[in-house]
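Architecture and fold: a report
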Amino acid sequence: MNFISPNTTDLLLSEAASENLYLKLIEQINKDFNLANEAIDLPMSTSPEELKIQLHEKIYRLIQYKFAEYLNLLYIIDVPEDQIKKLDGSDISELAKQVSFLILKREWMKVWFRNRY
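Reference entry: report on the structure contained in this document. None of these values were measured; they are calculated from a predicted model. (Residues numbered from 1 in each chain as written. Predicted model: local features only at pLDDT ≥ 70, side-chain atom pairs only at ≥ 80, totals over all residues. Heavy atoms only, no water.)

**What about the side chain of Glu107?**
The criterion, for reference: Runs of E in the DSSP output that reach at least two residues are strands. Runs of H or I that reach at least four are helices, and both are numbered from the N terminus. A contact between two residues is defined here by any heavy atoms of the two lying within 4.5 Å.
Relative to the helices and strands, Glu107 resides in helix α6 (residues 92-116). In this structure, Glu107 is in contact with Leu25, Gln28, Ile29, Asp32 and Ile77, ignoring residues within four places of it in sequence.

See below:
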């Protein structure tokens, strides 16, 4: 079975839940944010909706106030640079939303592969 990345945050989170990998996704996000020294500390009880909001807020704050740390986080998570460069940075809130989705996609891919192989 090949990895097919979901097209929206909601689809990604429901796919993670349906494969019983949602908690692993939260663990992976917490782990990578900690590696970047930008702890997000999502509890295992975090709902998908809450995860979306918290991730968006965290990325928004990093872009606004800690840009070097934001770039470091993207590097540690291994978000493809070409995908980031394609985004429109004129609206920071929208940019944070799109970057949050790219982060979720990358983290989901890690969890998905680790579960399969």
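**Here's the deal with the packing of helix α3 (residues 48-65) against α6**
Rules: Lines fitted to the C-alpha atoms define the axes, with helices restricted to the stretch that makes contact. Angles between their N-to-C directions range from 0 to 180 degrees. Orientation labels follow simple angle bins: below 35 degrees gives roughly parallel, above 145 gives roughly antiparallel, 65 to 115 gives roughly perpendicular, and whatever is left gives oblique. A crossing counts as left-handed when the near helix is turned anticlockwise from the far one by less than a right angle, and as right-handed when that turn is clockwise.
Interaxial distance between α3 and α6 falls to 8 Å at its minimum, and their mutual angle equals 120°. As summarised for this structure, α3 and α6 are arranged oblique, according to the angle between their axes. Remark: the crossing between α3 and α6 carries right-handed chirality. From α3, Leu51, Leu55, His56, Ile59, Tyr60, Ile63 and Gln64 reach across to α6, where they touch Ile92, Ser93, Leu95, Ala96, Lys97, Val99, Ser100, Ile103 and Leu104.

**A look at helix α4 (residues 67-77)**
Short version of the rule: Each residue is assigned to one of three classes by its accessible area relative to the maximum for its type, calculated with a 1.4 Å probe on protein chains only: buried under 20%, partly exposed between the two thresholds, exposed over 50%. It is the directions from the helix axis to the C-beta atoms whose arc is reported.
Those residues of α4 lying buried are Tyr70, Leu73, Leu74 and Ile77. The buried residues of α4 occupy one face: seen down the axis, they fall within an arc of 95°. Exposed and facing more than 90 degrees away from the buried side of α4 are Ala68 and Tyr75. Those residues of α4 that are buried lie in contact with α2 (22-35), α3, α5 (81-85) and α6. Asp78 sits one or two positions beyond α4 and adopts a positive phi of about 75°.

**A short note on unusual backbone geometry**
One non-glycine residue, Asn37, lies in positive phi territory at about 60°. As for its position among the elements, Asn37 is in the loop between α2 and α3. A positive phi angle, near 75°, is found at Asp78, a position not held by glycine. For Asp78, the location among the structural elements is in the loop between α4 and α5. The exposure class assigned to Asp78 is partly exposed, which follows from its relative accessible area of 43%.

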